[in-house]
Amino acid sequence: MAKMSTIAILVENRPGVLFNVANMFRRRSYNIESISVGPVENTELARMTVSVEADSRELNQIVEQLDKMVDVIKVKRLDPMRSIMREMLLVKLDTGDPMAREETLRHVNARHGLILHIDPECIVAEVTGEPEEIDEFIELTRPIGIEELSRTGITALEKGRLKL
Amino acid sequence: MSGARAFVEALSQEGVETLFGVTGGAVLPICDELWGSDLRFVMARHEQGAAHMADGFARVSGRVGVCLATSGPGATNLVTGIATANIDSSPVVAFTGQVPLSVLGTDAFQEVDIIGITASATKYNIQVRRPGEIPHAVRSAFHIASTGRQGAVLVDLPKDTQIDSEDMEFPEDVSFRGYEVRLEPNPRELDWAATLLSKARRPVIMAGGGVVASNASPELIRLAEMLVAPVATSLMGKGAIPGDHPLFAGLCGMHGTGEANLLVSDADVLLVLGARMSDRTTARLEDFSPAAKVIHVDIDRSEIDKNVETVTRVIGDARLALKGILERLSMMSLDRSTNGEWLKKMERFREEYTPPELSGNPHLRAPAVMKALRRALPRDALVTTEVGQNQMWAALYFDAYAPRTFLSSGGLGTMGWGFPAAIGAKAARPDLPVVDIAGDGSFGMTENNLATCVEEDLPVVVVVLNNRVLGMVAQWQRLFYDRRYMAVELGESPDFVKLAEAYGAVGVRPETLEEFERVVGKAVSDNMTTVIDVMIDPEENVFPMVPPGKGLRDILVEA
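Keep in mind it's a predicted model, so treat the numbers as computed, not measured.

Q: Tell me what's going on with the overall build of chain A, and back it up with residues and numbers.
A: When its secondary structure is counted, chain A shows 4 helices and 9 strands. When the 164 residues of chain A are sorted by exposure, 41% land in the buried category. Sequence-distant contacts in chain A: of pairs separated by 6 or more residues, those separated by 24 or more amount to 72%. For chain A, the computed accessible surface area is about 9300 Å², with 52% contributed by carbon and sulfur atoms. Across chain A, the mean location of the 22 positive side-chain charges is 9 Å away from that of the 28 negative side-chain charges.

Following this line, the structure appears as structure tokens:
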């Protein structure tokens with residue numbers, strides 16, 4: 001049965017590598033739900049976190065197909081119980097109405113978010129959390145009026161001494 | 001040293017003697033360096049041909065085949081050849097010129113994003129950004145193309161990196177953090193595989209291209225004889241065991257032999273050696289070898305469980321794996337009391353599923369032509385095929401006696417592949433006769449390389465099974481589309497005898513099998529490029545056949 005899984009990938013930090021990784025998913029008809037990328041402590045390398053909906057056999061293929069790519073150094077599917085998965089949301093809410101503004105501040109504070117910008121028309125806020133928490137936050141603030149939003153996609157690390 | 005000079009030097013260091021290509025504006029600096037060098041440049045008449053030549057060269061010699069094209073259309077014309085080589089794990093390195101870095105990305109004249117285009121058709125590709133990177137790029141390309149699961153690598157060379165000079169370092173070894181080649185199989189995996197095989201009552205070995213690539217034929221034959229196990233092959237595995245070996249069951253799959261398909265279906269242990277188990281080999285997956293415990297040996301871990309679910313796997317080089325299994329089995333006691341029965345079954349299946357001879361048909365029949373061709377050629381002759389009916393007739397009715405003597409575009413099924421691949425094969429082994437088994441449709445796709453044969457003195461023989469129709473598609477339309485022939489009739493044009501003559505080659509149209517054999521013999525002994533036009537029945541079907549969507553047991557032997 002297909003379910004959402006998260007894969008961590010250590011790659012060469014080189015032009016074209018993101019393209020090649022994304023291209024593998026496209027070519028074999030796997031749909032990337034979210035992807036986040038950035039250099040790691042050794043800046044020659046970058047780490048990608050990809051979430052994808054797949055059954056266990058597909059997931060196995062994804063890992064093996066990624067693993068054999070020359071620029072892919074390590075691949076691991078992350079066990080959700082032993083990993084920390086976080087996502088950041090930037091959201092712009094229509095807060096021309098004072099009631100809306102108050103409600104926005106309440107929700108953002110409840111999620112330990114940050115208010116990044118306020119003007120008479122709207123508020124830009126930042127919230128981080130597990131992807132489900134972000135979904136929930138969006139649902140809560142939808143009635144206020146979302147002007148636009150941007151999510152980073154999941155980034156993840158394993159707990160304790162577990163390493164990629 | 002200029003980039004172009006370094007390029008030629010790097011090729012020499014790789015031991016390259018021949019490259020296949022078509023020149024153009026963006027490779028002028030390289031061509032200028034090739035002028036006066038020891039490298040042989042075989043001029044194809046179209047870049048697709050150049051890539052197939054490099055592929056044919058690689059498959060016959062086991063060494064990397066090299067092709068070169070200019071930027072833009074030169075590069076895109078290579079793509080079919082690159083994809084063909086890559087899916088069949090043939091070590092090919094393609095070099096393309098590119099517009100200068102100064103205009104890269106501006107849609108300059110003859111600019112195309114060949115790195116993007118070939119991303120999913122190569123094992124790896126590299127765009128050079130500085131002249132000094134060229135030696136490393138060339139070494140890397142050869143290393144990656146020729147190790148592990150072999151494949152195609154493309155190196156894109158912007159024109160200014162060819163012209164400009166930098167200090168050059170020629171690396172002996174290159175390494176990549178993300179590319180480790182593990183040849184040696186895990187001993188535990190070998191233990192499991194050997195144990196399963198030792199207990200098999202109805203063992204079958206399925207040999208694929210990996211057996212050929214790893215030069216494992218002697219070990220394969222030894223194992224088959226030790227287990228008394230029939231050997232079926234995929235198209236890519238043809239030749240891994242001699243076609244006249246008593247344990248050879250033939251090709252397995254959509255156009256497999258009755259005995260191969262039924263033995264695979266009845267097996268209790270199936271040893272898959274270096275085969276991808278594609279849809280053409282397995283037919284309907286749900287019905288594939290239902291009772292068998294499958295052991296899959298492959299150097300590419302991603303092939304395990306991709307299509308067929310396995311009980312145990314061995315990751316590594318097929319030859320080393322076979323050696324390990326043989327070593328273990330030689331220390332076990334094998335009960336072969338039931339093997340005689342199993343082999344009798346092979347005989348019975350063979351008799352039951354041999355397609356009937358058509359009588360009262362004035363045309364030469366393709367299977368008979370294939371057998372006559374075999375009689376007319378020495379055992380070590382090299383044969384390539386095109387794609388379609390000709391390919392399946394060749395696979396079924398032309399025996400290959402040694403690995404690397406029967407070459408075919410298996411994965412991509414590229415019409416037009418066989419002829420230029422034959423030219424590449426001839427360049428690798430000028431001492432052996434080379435024959436392309438063609439159809440009139442396929443040959444038409446790359447026939448212009450006749451000029452290359454004649455001008456470059458690379459004589460090959462083309463046997464055109466001429467039915468004036470795109471035969472395999474017509475066969476499907478006949479069997480599954482109620483004879484609604486659409487876009488398959490080729491008519492009477494061209495006259496292949498005159499076509500050959502126009503290129504300065506020999507053209508002949510034998511009327512009988514005896515005449516055909518004589519003509520083949522003469523073409524081989526004269527060592528002349530010869531097109532043999534064999535008129536066959538446009539209505540002739542290739543049998544046996546497993547209809548699309550059916551399992552391996554559903555074998556048609558007549559319409």
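Q: Can you lay out the overall build of chain B for me, pointing to particular residues and giving the numbers?
A: Secondary structure summary: chain B contains 22 helices and 18 strands in total. The C-alpha atoms of chain B give 24 Å as radius of gyration, which agrees with the globular expectation for 559 residues (24 Å, within 12%). With respect to the three principal axes, the spread of C-alpha positions in chain B is 70 × 60 × 45 Å. Within the span of chain B, comprising 559 residues, buried residues form 60% of the whole. With the model as given, the accessible surface of chain B reaches about 21300 Å², and the carbon-plus-sulfur share is 50%. Of the charged side chains in chain B, 52 are positive and 73 negative; the average position of the first set lies 7 Å away from that of the second.

Q: So what's going on with the interface of chain B and chain A? Which residues, and what values?
A: Each partner contributes to the interface: chain B provides 20 residues, whereas chain A provides 21 residues. The contact between chain B and chain A buries some 1600 Å² in all, and 43% of this surface belongs to carbon and sulfur atoms. Here chain B and chain A share 5 salt bridges between them. Residue E44(A) pairs with R177(B) through a salt bridge whose shortest N-O separation is 3.0 Å. Applying the counting rule to chain B against chain A returns 10 residue pairs in polar contact (both at pLDDT 80 or more). Its residues placed into classes, the side of chain B that touches chain A shows 7 nonpolar, 5 polar and 8 charged.

Q: Quick one: what's the story with the side chain of E259(B), residue by residue and with numbers?
A: Following the sequence through the fold, E259(B) ends up in helix α11 (residues 258–266). Leave out the neighbours within four places in its chain, and E259(B) touches A249(B), M346(B), F349(B) and R350(B).

Q: Report on helix α22 (residues 513–526) of chain B, specifying residues and quantitative values.
A: Residues and elements named next belong to chain B. For α22, built from 14 residues, the straight-helix expectation of 20 Å at 1.5 Å per residue is met to within 8% by its first-to-last C-alpha distance of 20 Å. Within α22 the residues assigned to the buried category are F516, V519, V520 and A523. The arc that holds the buried residues of α22, viewed along the axis, is 100°, so those residues lie on one side. Exposed positions of α22 whose direction lies more than 90 degrees from the buried face are E514, R518, K522 and S525. Looking at the packing, one finds that the buried side of α22 touches α15 (366–376), β16 (461–466), β17 (506–508) and β18 (530–535). Looking at the residues trailing α22, positive phi occurs at N527, about 55°.

Q: Outline the domain arrangement of chain A, listing residues and values.
A: Residue and element names in this part refer to chain A. Under the domain assignment used here, chain A contains domain 1 (3–77) and domain 2 (84–156). Averaged C-alpha coordinates put domain 1 and domain 2 at centres separated by 29 Å. Of the residues lining the interface, 7 residues belong to domain 1; the matching set on domain 2 comes to 6 residues. Buried area between domain 1 and domain 2, both sides added, is near 460 Å², and the carbon and sulfur share of it is 47%. Its largest share of buried area at the contact with domain 2, domain 1 owes to T6, S36 and T49, together 62% of the area lost on that side. Linking domain 1 with domain 2 are 0 salt bridges, by the criterion used here. Our enumeration of links across domain 1 and domain 2 arrives at 3 residue pairs in polar contact (both at pLDDT 80 or more). For the side of domain 1 that touches domain 2, the elements supplying multiple residues, two or more each, are β2 (32–39) and β3 (45–54). When its residues are assigned to classes, the side of domain 1 that touches domain 2 shows 1 nonpolar, 5 polar and 1 charged.

Q: Residue-level account of the pattern of salt bridges, with values.
A: Inspection of every chain in the model, using the stated rule, returns 41 salt bridges over all chains. A salt bridge links E12(A) to R177(B); the shortest N-O distance between them is 2.7 Å. Placement of the pair is E12(A) in strand β1 (residues 3–12) and R177(B) in the loop between α7 (159–163) and α8 (187–198), with the two residues belonging to separate chains. Owing to a relative accessible area of 7%, E12(A) belongs among the buried residues under this scheme. According to the relative accessible area criterion, R177(B) is partly exposed, its value standing at 41%. Between D482(B) and R484(B) there is a salt bridge; the shortest N-O distance is 4.0 Å. Accessibility classification places D482(B) together with R484(B) in one group, the exposed group. What you see here is one network of salt bridges that share partners, running through E12(A), R14(A), E44(A), D71(A) and R177(B).

Q: Outline the side chain of H52(B), listing residues and values.
A: With respect to the helices and strands, the residue H52(B) is situated in helix α3 (residues 47–61). Side-chain polar atoms of H52(B) contact the side chain of Q48(B), separated by 3.0 Å.

Q: Just give me the short version of the sheet that holds strand β3 (residues 65–69) of chain B, but keep the residues and values in it.
A: Residues and elements named next belong to chain B. As summarised here, the arrangement of the 6 strands in space is β2-β1-β3-β4-β6-β5, forming an open sheet in which the pairing is parallel. What marks the edges here is a single partner per strand, and that holds for β2 (40–43) and β5 (124–127). Pairwise comparison of adjacent strand axes, ignoring direction, gives a mean angle of 20° for this sheet. Of the strands in this sheet, β3, β4 (92–98) and β6 (152–158) are in contact with helix α4 (residues 73–87), which crosses β4 at around 165°.

Q: Go over the pairing of strand β7 (residues 203–207) of chain B, please, and point to the residues and values.
A: Residues and elements named next belong to chain B. Among the 5 residues of β7, 5 are classified as buried, and the element is accordingly described as predominantly covered. Here β7 shows a buried face lined by P203, I205 and A207 and a second buried face lined by V204 and M206. Bridge analysis of β7 against strand β10 (residues 269–273) gives 5 bridges, and the strand direction is parallel. Of the residues in β10, the one forming a bridge with I205 is L271. Note: β7 against strand β8 (residues 231–233), 3 bridges, orientation parallel. Residue pairing for β8: A207 is matched across the bridge by T233.

Q: I'd love a proper account of the sheet that holds strand β14 (residues 406–407) of chain B, names of residues and values included.
A: Residue and element names in this part refer to chain B. Read across the sheet, 6 strands follow the order β14-β13-β15-β16-β18-β17 without closing on themselves; strand pairing throughout is parallel. Looking at the sheet topology across the chains shown, the edges are occupied by β14 and β17. With 6 bridges joining them, β16 and β18 adopt parallel strand pairing. The residue of β18 that forms the bridge with V462 is V531.

Q: Which residues make up the packing of α3(B) against α4(B), and what values do they have?
A: Helix packing geometry: the angle between the two helix axes and the distance between the axes. Residue and element names in this part refer to chain B. Between α3 and α4, whose axes approach to 7 Å, the crossing angle comes to 30°. Relative to α4, the element α3 is oriented roughly parallel. Handedness of the crossing formed by α3 with α4: right-handed. Here E47, Q48, A51, H52, D55 and R59 of α3 come into contact with α4, specifically with G74, N77, L78, T80, G81, I82, T84 and A85. For the contact of α3 with α4, the residue count by class is 4 nonpolar, 7 polar and 3 charged.

Definitions and cut-offs
Residues numbered from 1 in each chain as written. Chains lettered and ligands numbered in written order. Predicted model: local features only at pLDDT ≥ 70, side-chain atom pairs only at ≥ 80, totals over all residues. Heavy atoms only, no water. Helix = DSSP H or I, 4+ residues; strand = E, 2+ residues; numbered from the N terminus. Buried < 20%, exposed > 50% of the residue type's maximum accessible area, 1.4 Å probe, protein only. Contact = heavy atoms within 4.5 Å. Areas by Shrake-Rupley, 256 points an atom, 1.4 Å probe, with all protein chains shown as cover. Lys, Arg positive; Asp, Glu negative; His and termini not counted. Charge placed at Lys NZ, Arg CZ, Asp CG, Glu CD. Rg over C-alpha atoms; globule rule 2.2 N^0.38 Å. Buried area = accessible area lost by both parts, 1.4 Å probe. Salt bridge = Lys/Arg side-chain N within 4 Å of Asp/Glu carboxyl O. Polar contact = N/O pair within 3.5 Å; in protein donor to acceptor, adjacent residues only side chain to side chain. Nonpolar A, V, L, I, M, F, W, Y, C, P; charged D, E, K, R; others polar. Expected span 1.5 Å × (residues − 1). Arc of directions from axis to C-beta. Domains from an automatic or database assignment. Pairing = 2+ DSSP bridges. Axes fitted to C-alpha atoms, helices over the stretch in contact; angles between N-to-C directions. Parallel < 35°, antiparallel > 145°, perpendicular 65-115°, else oblique. Left-handed = near helix turned anticlockwise from the far one by under 90°.

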